[in-house]
Amino acid sequence: MKILQRRPYLFWVLVGCLVYMPFLGSSQLFDWDEINFAESAREMLVSGDYLTVQINFQPFWEKPPIFMWLQVLSFQLFGTFTENAWTSMEFAARFPNALVGIATLLILFRIGKKHVSATFGHLWAFSYLAAMTPHVYASSGIIDPLFNLFIFLGIYSYSQFYAQPNSLRWAIYAGLSIGLGMLTKGPVALLLWGATLLVLGIWQQVWKSKPMSRLLLGACLSGILAVLLFASWYAMIIMKFGWGIWDDFVAYQIRLMTTGDAGHGQPVYYHVLVLLLGCLPISIWAGARLLRRKSSDETIDLTRWMQVLFWVVLVIFSLVKTKIIHYSSMCWIPLTYFSAQVLTEFQSGQWTWKRSYSIALGIFGLLFGAVLTLVPLIGMYAAEASVYIKDAFVQGNLKAPVYWTGWEWLIGLTFIVLVLGTVVRSTVGFQRIIRLMLGSVLVMMCFMAVVLPKIAGYTQATPIDFYVSHVGQQVYIETVGFKSFAHLLYFQKQGPSPDGESLMKKSSTDRPSYFVMKSDAEDRFKYHPHLQLIKEENGFLFYKHVN
């Protein structure tokens, strides 16, 4: 392809736009995280307070503001929440991450080309594009892709300072990148960056071959810059709200580390499985490189930095009690690096496909494909499937009137065919793997465009339709008995109000008040004397306050 050779950056911009952008608005934003961040951005617009991250128009201490600022700019660009909006709110909320995804492809290509070759750069970007979870998150409204990019740039910048200790500009770049990462999601950016430097330094015994005083100076300069950047925003917040908001933020970070917060406790091997299945197909051939050991006197190149970064992230978040899929997402970039390394050698004949790779790809690929196939089938035969489900709330969800054309299960079957077409061959060539990766991209695009909106139709469309039907009305709408941000965003709440349980207990309210519960809510909520049941629909209960 001529454009690949002559205009490689334009090529990846076009590919990123074609892959990440077409279906950004195809489904509702998902509770909690996507809706949480978009709602904080919307409340900045409503209140005019762009300094403070808010939820329900109260200070929200869990996340810093950078991603929400990007969403604010996107909302303003597309005229969201106005009569002149020219795209959906969902598209605008996810648009910043699509840009981050495109930027990531460009940066990976640029760094890969600089340190190895243009071919390596292309394969690194393509590996990132083809891996399942990076693809999904680049089309989402979740913070982590931007957070990961800042951390990666911080690690990369310091690796360049390590190679050129007299060039302090790289240490400054590292500090600015980590500081922006801290302003995106918090001090864990500094933790991962610092832990990577420390582990690499001890493992490789850098004091034997490098000027330690200069390296420490650069690390301190980077760390101080990062902390100052982060502290500059938090100092203004503390001046505005007092030290209590900082205490709440620190307590939240500690809770995530030490407890299975919000029901997200998982076994220690959780993130290993998440990366293995979530980064298919590239995780199959990239994983072996993560165990390769160099002697301590060899040159420390980008490969060593990526290897250490991967293991630091995986170990830390395997030990942390709260485990969510995207907590290990910083592993995506080093994992795709090693995919590119293997594929480059494969193309040149320096690496061969082993039978063990076919077995692993067959097992995990068929498992993943089976999930993609079964999800639509369960939806198509929801009545029959609900017989085997004991959860009354889920049974109610499956009664939602979601329309299936009948072919959606073929998306998962296509992935199964791609996997089988690879693993059943006695010899697997480079072009076969490239076709598998390209097929994976297309499969995930179709799944997100066609199946994901139907999943939302079961899990949250019923209450969201209720919230949307009351937009602009002088009423209260609150949830009781379960955590949600959907009523704030989709009702487009214009100011603070009491939480659902407090409002429910009032003997009278100054405006009509509605309450949403799950069908398995506690009896003390369901049969409260101040509430009158309006309807029960698809696993949700809708009440009105009786004054």
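Residues numbered from 1 in each chain as written. Predicted model: local features only at pLDDT ≥ 70, side-chain atom pairs only at ≥ 80, totals over all residues. Heavy atoms only, no water.

## Quick word on the pairing of strand S6 (residues 540-545)
The side chains of a regular strand alternate between both faces of the sheet. Definition in use: Under the scheme applied here, a residue whose accessible area is under 20% of the maximum for its type counts as buried, over 50% as exposed, and between as partly exposed, the area being computed with a 1.4 Å probe on protein chains only. Strands are runs of DSSP state E lasting at least 2 residues, helices are runs of H or I lasting at least 4, and numbering of each runs from the N terminus. For two strands to count as paired, DSSP must find a minimum of two bridges between them.
Within S6, five of the six residues are buried, which leaves the element mostly enclosed by the surrounding structure. Across five bridges, strand S4 (residues 513-518) lies against S6 in antiparallel orientation. Bridging across to S6, Phe515 finds its partner in Tyr543. Sheet analysis places strand S5 (residues 531-537) next to S6, joined by six bridges and oriented antiparallel. Opposite Leu533, over in S6, you have Tyr543 as the bridge partner.

## Observations concerning the pattern of salt bridges
Basically, it comes down to this: A pairing counts as a salt bridge when a side-chain nitrogen of Lys or Arg comes within 4 Å of a carboxyl oxygen of Asp or Glu.
Enumeration over the complete set of coordinates arrives at eleven salt bridges. For the salt bridge of Arg511 with Asp510, the shortest nitrogen-to-oxygen distance reads 4.0 Å.

## Let's talk about the sheet that holds strand S3 (residues 476-479)
Operational definition: As a rule, the C-alpha atoms of each element are fitted with a line to give its axis, helices using only the stretch in contact, and angles between N-to-C directions run from 0 to 180 degrees.
Pairing is mixed in the open sheet, where four strands are placed in the order S3-S4-S6-S5. The sheet is open, and its two borders are formed by S3 and S5, each paired with just one other strand. Between one strand axis and the next, the sheet turns through 25° on average, direction left out of account. Direction of pairing for S3 relative to S4: parallel, over a ladder of four bridges. Across the sheet, residue Tyr476 finds its bridge partner in S4, namely Ser513.

## Regarding the nonpolar core
Stated formally: Nonpolar cores were defined as sets of buried Ala, Val, Leu, Ile, Met, Phe, Trp, Tyr and Cys residues, with membership established by side-chain atoms within 4.5 Å. In this description, contact between two residues means that some pair of their heavy atoms is separated by no more than 4.5 Å.
Counting 159 residues, the largest nonpolar core has Trp124 and Trp285 as its most contacted members. Setting aside residues no more than four positions away along its own chain, Trp285 makes contact with Ser339, Val342, Leu343, Trp351, Trp353, Tyr357, Ile433, Leu436 and Met437.

## Overview of a nonpolar patch on the surface
Formally: Note that patches include only residues with greater than 30% relative accessible area and no salt bridge, and the join distances are 9 Å for like charges and 5 Å for nonpolar side chains (Val, Leu, Ile, Met, Phe, Trp, Tyr). Each accessible area value is a Shrake-Rupley result obtained with a 1.4 Å probe; residue values ignore everything except the protein chains displayed when judging cover.
Among the surface-exposed residues, Val268, Tyr269, Val272, Leu273, Leu291, Trp311, Val315 and Leu319 lie close enough to one another that they form a single nonpolar patch of about 790 Å² accessible area. Take the nonpolar patch: its biggest share by element is three residues, from helix H15 (residues 302-319). The topology assignment puts Trp311 in helix H15. Exposure remark for Trp311: the relative accessible area of 31% places this residue in the partly exposed category.

## Brief notes about unusual backbone geometry
Cis peptide bonds are those with omega within 30 degrees of zero, and the linkage from Asp31 to Trp32 qualifies with 5°. Residue Pro281 is bonded to the preceding Leu280 through a cis peptide linkage, with omega at 0°. Considering the arrangement of structural elements, one finds Pro281 in the loop between helix H13 (270-278) and helix H14 (282-286). In this structure, Asn538 is a non-glycine residue whose phi angle is positive, near 55°. Relative to the assigned elements, Asn538 resides in the loop between S5 and S6.

## Observations regarding the layout of surface pockets
Going by this rule: Only protein atoms enter the 1 Å grid, on which a cavity is a set of points fitting a 1.4 Å probe that cannot get out and a pocket is an open set with protein on both sides within 12 Å along at least 5 of 7 lines, lining residues being those with an atom within 4 Å of a point. Grid points are joined across faces, edges and corners, and a volume is the space filled by probe spheres set on the points. Here the nonpolar group is Ala, Val, Leu, Ile, Met, Phe, Trp, Tyr, Cys and Pro; Asp, Glu, Lys and Arg are the charged ones; every other residue, Gly included, is treated as polar.
Considered as a void within the structure, the second largest pocket measures approximately 610 Å³ in volume. Taken together, 25 residues make up the lining of the second largest pocket; nearest its centre are Leu4, Phe11, His122, Phe126 and Ile434. Secondary-structure elements contributing two or more residues to the lining of the second largest pocket are helix H1 (2-6), helix H2 (8-20), helix H5 (89-115), helix H6 (118-130) and helix H21 (430-459). In terms of residue class, the lining of the second largest pocket is built from 19 nonpolar, five polar and one charged.

## Describing the side chain of Arg42
Where we set the bar: Two N or O atoms form a polar contact when they lie within 3.5 Å of each other; inside protein one atom must be a possible hydrogen donor and the other a possible acceptor, and for residues adjacent in sequence the pair counts only when both atoms belong to side chains.
Secondary-structure assignment places Arg42 in helix H3 (residues 33-47). Residue Arg42 is classed as buried on the basis of its relative accessible area, which comes to 2%. A distance of 2.6 Å separates the side chain of Arg42 from the backbone oxygen of Lys493, its partner in a polar contact. Not counting residues up to four positions away in its chain, the partners in contact with Arg42 are Phe57, Phe75, Phe81, Leu488, Leu489, Gln492, Lys493 and Gln494.

## Regarding a positive patch on the surface
Quick note on the threshold: In this charge count, Lys and Arg are treated as positive and Asp and Glu as negative; neither His nor the chain ends contribute. For the purpose of locating charges, the reference atoms are NZ of Lys, CZ of Arg, CG of Asp and CD of Glu.
Residues Arg110, Lys113, Lys114 and Arg169 make up a contiguous surface patch of positive charge. Broken down by element, the positive patch gets its largest block of residues, three residues, from H5. By the element assignment, Lys113 lies in helix H5. The class of Lys113 is partly exposed, set by a relative accessible area of 39%.

## Considering the packing of helix H17 (residues 355-380) against H21
For clarity, the cut-off: In these notes the angle categories are as follows: under 35 degrees is roughly parallel, over 145 is roughly antiparallel, 65 to 115 is roughly perpendicular, and the rest is oblique. In this scheme the crossing of two helices becomes right-handed for a clockwise turn of the near helix relative to the far one and left-handed for an anticlockwise turn of less than a right angle.
In the contact formed by H17 and H21, the axes pass within 10 Å of each other and the chain directions differ by 30°. Classed by the angle they form, the pair H17 and H21 counts as roughly parallel. As for the relative orientation of H17 and H21, their crossing is left-handed in sense. Only Leu436, Val443, Met444, Phe447, Val451, Ile455 and Tyr458 of H21 make contact with H17, whose side of the interface consists of Leu361, Phe368, Leu372, Val375, Pro376 and Gly379.

## Examining helix H16 (residues 332-348)
Note the cut-off: Expected span of a helix: the number of residues minus one, times 1.5 Å.
Relative to the 24 Å expected for 17 residues at 1.5 Å per residue, H16 spans 24 Å between its end C-alpha atoms, a close match to the ideal helical length. In terms of residue burial, H16 counts as a mostly covered element, since 15 of its 17 residues are buried. Positive phi shows up at Gly349, right after H16, with a value of about 85°.

## A closer look at the packing of H2 against H6
Axis separation between H2 and H6 bottoms out at 12 Å; the angle between their running directions is 5°. Considering the angle they form, H2 stands roughly parallel to H6. Taken together, the residues of H6 that come into contact with H2 (itself represented by Pro8, Trp12, Val15, Val19 and Tyr20) are His122, Ala125, Phe126, Tyr128 and Leu129.

## Observations concerning the confidence of the model for the protein chain
Our working rule: The pLDDT value expresses, per residue, how confident the predictor is, ranging between 0 and 100.
Looking at the protein chain, pLDDT values average 90 and 95% of them are 70 or higher. Overall, residues 295-299 carries pLDDT values under 50, and its contacts beyond four positions in sequence, including any with other chains, amount to four contacts.

## Considering empty space enclosed by the protein
Sizing a probe to match a water molecule and rolling it over the atoms shows the empty space that remains. Under the criterion given, the structure shown has one cavity of 30 Å³ or more. Thr52, Val53, Pro59, Phe60, Trp61, Lys63, Trp233, Tyr234, Ile237 and Ile245 are the residues that line the largest cavity. In terms of residue count, the dominant contributor to the lining of the largest cavity is helix H11 (residues 212-241) (three residues). For the lining of the largest cavity, the residue count by class is eight nonpolar, one polar and one charged.

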